[in-house]
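Chain by chain, the residues:
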Amino acid sequence: MSPFPAPPTLATAPDWPYLTLRAALHARDGAQERHALTLADAQAWWACSDRTAKRQLARLHVSGRLVYTPGRGRGNTSRVAFPGALDAELADLTACLAAAGAAAELARLSRLGFPRGWVLTDAVRGTFGLGVSPAGTDRLRTVITRPLTAMDPLTVNSAAEAHLLTQVLDPLLVFDTDTGTLRPHLAHHWGTPDGGRSWVFHLRRGVSFHHGRTLDARDVLFTLERVRRGAPWYLPGVADAQAPTPFTVQVTLDRPDLFFPRRLAHEQALILPRDVPFDERRPVGTGAFRWHALNGGFRLEAFDAHFAGRPLIDEVEVFLVPELRGDAPPPWMCPVCLMIRSSAGCRRTACIS
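Being a predicted model, the structure only gives us computed values, none of them experimental. (Residues numbered from 1 in each chain as written. Predicted model: local features only at pLDDT ≥ 70, side-chain atom pairs only at ≥ 80, totals over all residues. Heavy atoms only, no water.)

Student: Could you give an account of the sheet that holds strand β1 (residues 34–36), with specific residues and numbers?
Tutor: Read across the open sheet, the three strands follow the order β1-β3-β2; overall the sheet is antiparallel. Looking at strand neighbours, the two that pair on one side only are β1 and β2 (67–69), the edges of this open sheet. Here the average twist between neighbouring strands, direction ignored, is 20°. The pairing of β2 with strand β3 (residues 79–81) spans three bridges and is antiparallel. Following the sheet pairing, tyrosine 68 is matched in β3 by valine 80. Strands β1 and β3 of the sheet are contacted by helix α1 (residues 16–29), whose axis makes an angle of about 85° with β1. (Pairing = 2+ DSSP bridges. Helix = DSSP H or I, 4+ residues; strand = E, 2+ residues; numbered from the N terminus. Axes fitted to C-alpha atoms, helices over the stretch in contact; angles between N-to-C directions. Contact = heavy atoms within 4.5 Å.)

Student: Break down the pattern of salt bridges for me, with residues and values.
Tutor: Applying the stated criterion across every chain, the model contains 23 salt bridges. Glutamate 89 is paired through a salt bridge with arginine 22; the nearest N and O atoms lie 3.1 Å apart. Of this pair, glutamate 89 sits in helix α4 (residues 86–99) while arginine 22 sits in helix α1, and the two are 67 residues apart along the sequence. Note on glutamate 89: relative accessible area 25%, which makes it partly exposed. Arginine 22 sits in the buried class, given a relative accessible area of 8%. In this structure, the salt-bridge partner of aspartate 304 is arginine 310, at a minimum N-O distance of 2.5 Å. Under the relative-accessibility criterion, arginine 310 is labelled partly exposed at 39%. What you see here is one network of salt bridges that share partners, running through Arg213, Asp216, Arg218, Asp219, Arg274 and Asp275. (Salt bridge = Lys/Arg side-chain N within 4 Å of Asp/Glu carboxyl O. Buried < 20%, exposed > 50% of the residue type's maximum accessible area, 1.4 Å probe, protein only.)

Student: Before we move on, could you go through the packing of aromatic side chains and cite the residues and values that matter?
Tutor: The final tally for this structure, using the stated rule, is five aromatic pairs. Consider the rings of tryptophan 233 and tyrosine 234, whose centres lie 5.5 Å apart with planes at 85°: the pair is edge-to-face. The exposed category is assigned to tryptophan 233, whose relative accessible area is 56%. Judged by its relative accessible area of 6%, tyrosine 234 is buried. Aromatic pair tryptophan 291 and phenylalanine 298: ring centres 4.3 Å apart, planes at 15°, arrangement stacked. For tryptophan 291, a relative accessible area of 9% translates into the label buried. Of note, arginine 226 hangs over the ring of phenylalanine 278, and the distance from its end group to the ring centre comes to 4.8 Å. (Phe/Tyr/Trp six-rings, centres within 6.5 Å; stacked < 30°, edge-to-face > 60°. Lys NZ or Arg CZ within 6 Å of the ring centre and 35° of its normal.)

Student: Quick one: what's the story with the side chain of glutamine 56, residue by residue and with numbers?
Tutor: The topology assignment puts glutamine 56 in helix α3 (residues 50–63). Note on glutamine 56: relative accessible area 19%, which makes it buried. Not counting residues within four places of it along the chain, the set of residues in contact with glutamine 56 comprises Pro17 and Trp46.

Student: Mind laying out the sheet that holds strand β8 (residues 187–191), listing which residues take part and the relevant values?
Tutor: The strand order β8-β9-β11-β10 describes an open sheet built from four strands, whose pairing is antiparallel. The sheet is open, and its two edges are formed by β8 and β10 (238–245), each paired on a single side. Across the sheet, the mean angle from the axis of one strand to that of its neighbour is 20°, orientation sign disregarded. Pairing of strand β9 (residues 198–203) with strand β11 (residues 248–253) involves five bridges; the strand directions are antiparallel.

Student: Which residues make up the packing of helix α2 (residues 39–46) against α3, and what values do they have?
Tutor: Interaxial distance between α2 and α3 falls to 9 Å at its minimum, and their mutual angle equals 95°. For the element pair α2 / α3, the angle class is roughly perpendicular. Within the contact between the two elements, α2 uses Leu39, Ala42, Gln43 and Trp46 and α3 uses Asp50, Ala53, Lys54, Gln56, Leu57 and Leu60. Broken down by class, the residue content of the contact of α2 with α3 amounts to six nonpolar, two polar and two charged. (Parallel < 35°, antiparallel > 145°, perpendicular 65-115°, else oblique. Nonpolar A, V, L, I, M, F, W, Y, C, P; charged D, E, K, R; others polar.)

Rendered as structure tokens:
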């Protein structure tokens, strides 16, 4: 649980279908009193069925958020009109959200493609940065300006994503770039008795996973097998891997390889628990931070039981606020979650609702 007090409850939650519609129409037509609107447009912008689009338009019409005039007859396009000025509505909304400290809602609003000056006000920017709670705990709120790509150790291909993974997952060994040498991490000692054809790794005892179980050699064997199956190019020549004791792992290679321990310091070999199905939206490991999903972002919470010591900061909250050119919503990005639309992890219908 977060040590920070919950932000004040919003008197009225943002009407996301309404805001999505206004953003799309403004991006297409600019500032106008009336806009042409087809059901096909509404379906595309809301990612919903024809029936749901009609219901949403009826709801917004009855509530007074807009005036919907259906087109009657062939060639007559339906139209919508809005009673309030868009810039004034956004000024009121952003002020309310900023006063409530509603960082997730502000980040989501910024992704809809409104003119940035209408959304990213001084009050909104003040919601982000380093804050201190009355209890003296620290939280950093920040943003990233692009969607996350792969967050699986087997397929991660970006330095930023790899860095995030290493905050949540730990490797057996760590490569020290200053000295050019390997340092112990989950494995406190390692060596080869035969010139590099077999390697023995001795694990630290009492290392806790985020879900409460203690790390043992079977987790390392599970991870190595996962790498062998999912990225065989990364650990070539592994003939066998065994656990002679609960905290000892022995790996036998086809041929001597003195570089093998160095491979185990890469993000592809970050250790995963054998009893938790991997989910790149909620990775579980032994790392210094626990991962929590947020609406439009994620939270890294300090893991008190980390074997190498607790992090100095208590929480880091990260939200997606993309750098848009021309204030147009990027077509490749899910409007709520951080993954690109082509990712299997993007739950588009759930995000739009």
